[in-house]
Amino acid sequence: MKRRVFLLGLDGGSWNAFDRLFAHDVMPNFQRLCSGGVRATLESTVPPITPVAWTSLMTGVNPGKHGVFAFTRQVEDSSYLSMPVNRMDMQTPTIFDYYRADSGLISLNLPMSYPATPIAGKMVTGMMTPQRSMGNFEHPEG
């Protein structure tokens, strides 16, 4: 039997806030999704910021191993210039490197996933994706 997994990550989400919204029927679809599955509070990374946490989720290792510590990285041979961090700055494989071709993997709007690289499924990159005209934000293309 093939098991399906759906992972929804909400950057900065708080169950305290969601539960108050659920009590007022503000988010009925999300409430139904939570009541029919498993929900949990995750301990964040150090530092507890978006690029570090999402990269740790994708790689399964801490920042000391994956190499992402902030939204930007210093440009080599420059003490003033910095560039946005992206998936190419990760020093370890990601979960996408381990999926079989027939897995049906779909990744939508995952922070730090730019540039989209060939995976065993479909990908549209998320936060830290440059403007659309730069390309490489989806796999397969189109």
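Residues numbered from 1 in each chain as written. Predicted model: local features only at pLDDT ≥ 70, side-chain atom pairs only at ≥ 80, totals over all residues. Heavy atoms only, no water.

A. Representation of unusual backbone geometry. Here Y114 and P115 are connected by a cis peptide whose omega angle stands at -5°. Looking at where P115 falls in the secondary structure, it is placed in the loop between β3 (105-110) and β4 (121-125). P140 follows H139 through a cis peptide bond whose omega is -10°. Although it is not a glycine, D25 sits at a positive phi angle of roughly 55°. Relative to the assigned elements, D25 resides in the loop between α1 (15-23) and α2 (28-35). At N136, a position not held by glycine, the phi torsion is positive, near 60°. Along the chain, the position of N136 falls in the loop between β4 and β5 (138-139). (Helix = DSSP H or I, 4+ residues; strand = E, 2+ residues; numbered from the N terminus.)

B. Region of interest: the pattern of salt bridges. Taken as a whole and assessed by the stated rule, the structure comprises 2 salt bridges. One salt bridge connects D19 with R39, and the closest N-O pair in it is separated by 2.8 Å. Linking D19 in helix α1 with R39 in the loop between α2 and α3 (50-59), this pair joins segments that are 20 residues apart in sequence. By relative accessible area, which is 32% here, D19 ends up partly exposed. Overall, the relative accessible area of 37% leaves R39 in the partly exposed class. With a closest N to O distance of 2.7 Å, D89 and R73 form a salt bridge. Within this pair, whereas D89 is found in the loop between β2 (82-84) and β3, its partner R73 is found in strand β1 (residues 72-74), the two being separated by 16 residues in sequence. (Salt bridge = Lys/Arg side-chain N within 4 Å of Asp/Glu carboxyl O. Buried < 20%, exposed > 50% of the residue type's maximum accessible area, 1.4 Å probe, protein only.)

C. Spotlight on the nonpolar core. If you look at the biggest cluster of nonpolar residues, it comprises 12 residues: W54, M58, V68, V85, M90, F96, L105, L110, M112, A116, I119 and M123. Only α3 and β3 provide two or more residues apiece to this core. Excluding residues that lie within four positions of it along the chain, A116 makes contacts with M123, T125, N136, F137, E138 and H139. Grouped together as the second largest cluster of nonpolar side chains are 5 residues, W15, F22, F30 and C34 included. (Core = buried A, V, L, I, M, F, W, Y, C linked by side-chain atoms within 4.5 Å. Contact = heavy atoms within 4.5 Å.)

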